[in-house]
Amino acid sequence: MTTTLITGIAGGLAQRVAAMLLEDGEGVAGVDYRETTGIDAYPVYRASYDKTAIEDVFRKVSPKRVLHLGRVGNLSEPIEKRFEINVIGSQKLMRLCVQHGVEVLVVLSTFHIYGAHPRNHVPISEDDPLRAGTSFPEIADAIQLDNMASTWIYKHPSVRTVVLRPTNVVGPNITNTMSKVLRRRRIPALAGYNPMTQFVHEDDLARAVIAAVRGKERGVYNIAGPSVLPWRTALEITETQVVPMPSILIERYVRTFSRLPAYLIRFFKYPCVITDAAFRRDFGWESRVDITETLRSAVDRRPPSR
Amino acid sequence: MLRAIDPDVARAIDSLPNKVNELGYDAWGFHKERAKLWYSVGKRLLTPYFRPTVSGLENLPLGRMLIVPNHSGQLPIDGMIIALVALMQAEPPRLVRAMVERWFPRLPFINELFSRSGAVLGDPINCRNLLLDDQVIVVFPEGAKGSGKVWKERYTLKPFGRGFMRLALQTESPIVPCAVIGGEESIISIHNWKSAARLFGMPYVPIPLTPFPLPVQFHVHFGEPMRFSGRFDDEDSVIDEKVKQVSEVVKLLIAKGLAERTSVF
């Protein structure tokens with residue numbers, strides 16, 4: 001049986017992908033640098049991707065497919081840690097893929113690397129420049145991971161590599177920053193700004209990862225989800241109360257007191273609308289969960305009001 | 001008054017073929033219901049004040065096109081008047097996607113009002129994508145230098161850029177030359193305060209003769225559509241020849257419009 005090794009298995013998305021593969025009767029193994037609990041259906045290993053322990057995981061599992069979904073996206077983690085895991089760790093994973101004859105590698109990147117910028121055109125395709133670093137150098141690890149994986153596509157043709165840059169991923173099992181923001185009952189909003197935004201449901205993204213595994217193409221692809229809508233309209237759908245405040249106050253507050261990455265504020269100010277036409281064309285994928293259901297699913301786990 | 005939607009505006013916007021998603025938005029942020037509100041406000045403020053007249057509406061082809069007018073008046077009133085007459089007086093009504101300056105998205109509130117009404121950041125890829133989607137865009141090839149003209153430069157043309165011609169060739173779109181008469185007298189700038197413009201990062205800072213736009217009558221003249229063929233990535237000198245043909249027609253339309261005008265007001 002072909003075994004698929006999934007990194008970031010402690011996360012909600014990786015577990016959804018694993019469940020879908022298991023349903024189709026495929027072999028799955030998971031690995032994470034964090035502790036993972038509650039999984040009995042397939043073997044799970046704990047190993048940091050930048051340490052020698054990951055080498056032993058490859059020896060034990062002998063995967064034919066690797067889904068690298070374990071990028072540290074939380075920018076409140078120290079840059080050194082993110083660099084070790086996202087850049088050094090990913091480099092090691094890619095090298096191990098070549099050494100162990102892995103046939104397919106899917107790398108989960110993020111649309112954040114395009115950056116939200118007043119000069120962004122619509123829509124942004126995979127060929128467009130990555131502006132995020134100009135206003136937020138701390139995102140360098142994500143940009144470097146993406147660049148490294150993109151170079152890998154052509155440097156090592158024996159491994160069919162697909163890099164995915166999804167928009168905001170939300171869903172009942174996702175605990176990223178955007179989901180946490182949406183789950184709040186009341187949030188401050190930047191008065192006078194209401195940019196177009198996109199969201200993709202965790203199940204749609206999981207299906208996209210599987211489509212990438214089973215398809216034939218290699219390359220870098222955006223995943224945009226169903227419909228584009230203004231940020232405030234998204235908040236109306238999630239029934240989140242909005243408190244408009246001057247943007248300068250919110251920006252200062254976030255930079256000084258909050259753990260929310262300051263660059264995320266720009267995504268509530270300027271648009272970063274991407275197109276996934278290439279992925280739909282090359283892999284026959286389409287989003288099945290509409291935008292309303294996508295957003296509502298994110299707040300299913302909202303804590304009850306006091 | 002601000003809440004009321006003009007029934008003629010509503011009818012015109014409902015008849016537009018623009019593709020929007022199930023929530024009523026396109027990717028640039030245009031929204032028919034919000035646009036109805038802002039166009040109604042625009043119509044009620046601009047029409048009685050500037051009393052625009054229009055000629056050559058029959059020259060507007062169906063489908064994609066670039067409207068290429070002269071630029072004047074310090075504020076983008078000329079763009080708004082073109083958008084208004086193309087929506088309210090053309091048959092079928094056209095939604096003109098105005099290309100806004102790069103600092104517009106930074107302006108709170110204004111950025112949302114403009115994008116819901118159909119305006120788009122003036123970026124070549126935005127223009128290309130809109131034209132490929134069979135939409136109408138208005139491009140001012142004189143750029144900010146055109147709208148920032150001072151009184152002694154009125155109704156002259158600043159050099160046209162080449163970008164609009166390359167876009168027209170790339171997307172096989174017709175160019176509709178256009179003249180707007182009235183903008184130069186609505187806000188008369190006696191001086192461009194360049195050092196203040198540099199200080200605030202603005203393209204220009206006019207010293208206006210009056211503290212508000214004068215109630216000058218606007219006249220919009222659309223010329224016959226011009227179709228060009230050739231490589232969009234041809235040498236600058238080849239593109240310049242084609243650009244010159246357009247600017248010459250715009251000059252003629254301006255001269256005709258000025259000759260036909262009997263009174264500034």
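Residues numbered from 1 in each chain as written. Chains lettered and ligands numbered in written order. Predicted model: local features only at pLDDT ≥ 70, side-chain atom pairs only at ≥ 80, totals over all residues. Heavy atoms only, no water.

Engineer: Describe the confidence of the model for chain B, naming the residues involved and giving the relevant values.
Structural biologist: Residues at a pLDDT of 70 or more form 98% of chain B, whose mean pLDDT is 89. Within chain B, the element-level pLDDT minimum falls on helix α6 (residues 144-147) of chain B, averaging 72, and the maximum on strand β2 (residues 65-69) of chain B, averaging 96. (pLDDT = per-residue confidence, 0-100. Helix = DSSP H or I, 4+ residues; strand = E, 2+ residues; numbered from the N terminus.)

Engineer: Which residues make up the sheet that holds strand β1 (residues 3-7) of chain A, and what values do they have?
Structural biologist: Residue and element names in this part refer to chain A. Read across the open sheet, the seven strands follow the order β3-β2-β1-β4-β5-β6-β11; overall the sheet is parallel. Across the chains shown, the open sheet's two edge strands, defined by having one partner strand only, are β3 (44-46) and β11 (219-223). Taken over all neighbouring pairs, the strand axes of this sheet differ in orientation by 20 degrees on average, direction set aside. Here helix α1 (residues 12-23) sits on the sheet in contact with β1, β2 (27-32), β4 (65-68) and β5 (104-108), set at roughly 170 degrees to β1. (Pairing = 2+ DSSP bridges. Axes fitted to C-alpha atoms, helices over the stretch in contact; angles between N-to-C directions. Contact = heavy atoms within 4.5 Å.)

Engineer: Summarise the packing of aromatic side chains; cite the residues concerned and give the values.
Structural biologist: Following the criterion strictly, the structure yields twelve aromatic pairs over all chains and no others. Judged by centre distance (4.9 Å) and plane angle (90 degrees), the rings of Y49 of chain B and F50 of chain B are edge-to-face. A relative accessible area of 30% places Y49 of chain B in the partly exposed class. A connected cluster of aromatic rings, assembled from ring pairs, spans Y221, F279, F283 and W285 of chain A. One residue, K269 of chain A, lies across the ring of Y193 of chain A, its end atom 5.1 Å from the ring centre. (Phe/Tyr/Trp six-rings, centres within 6.5 Å; stacked < 30°, edge-to-face > 60°. Buried < 20%, exposed > 50% of the residue type's maximum accessible area, 1.4 Å probe, protein only. Lys NZ or Arg CZ within 6 Å of the ring centre and 35° of its normal.)

Engineer: Describe the pairing of β2 of chain B, naming the residues involved and giving the relevant values.
Structural biologist: Residue and element names in this part refer to chain B. The buried count for β2 comes to five of five residues, which makes it a mostly enclosed element. Burial of β2 is two-sided: the residues M65, I67 and P69 facing one way and the residues L66 and V68 facing the other way are all buried. The pairing of β2 with strand β5 (residues 136-138) spans three bridges and is classified as parallel. Following the sheet pairing, I67 is matched in β5 by V138. Where β2 meets strand β6 (residues 175-181), four bridges bridge the pair, whose relative direction is parallel. Bridging from a neighbouring strand, L66 pairs with I175 of β6.

Engineer: Describe in detail the pattern of salt bridges, supporting the description with residues and values.
Structural biologist: Per the stated rule, a full pass over the model turns up 32 salt bridges over all chains. A salt bridge links R214 of chain A to D24 of chain A; its shortest N-O distance comes to 2.9 Å. One end of the pair, R214 of chain A, is in helix α7 (residues 202-214); the other, D24 of chain A, is in the loop between α1 and β2, and 190 residues separate them in sequence. A salt bridge links E248 of chain B to K251 of chain B, with the nearest nitrogen and oxygen atoms 3.6 Å apart. With E248 of chain B and K251 of chain B both in helix α10 (residues 236-260), this residue pair falls three residues apart, about one helical turn. We classify E248 of chain B as partly exposed; its relative accessible area is 34%. If you follow the salt bridges from partner to partner, you end up with E55, D56, R59, K60 and K92 of chain A in one network. (Salt bridge = Lys/Arg side-chain N within 4 Å of Asp/Glu carboxyl O.)

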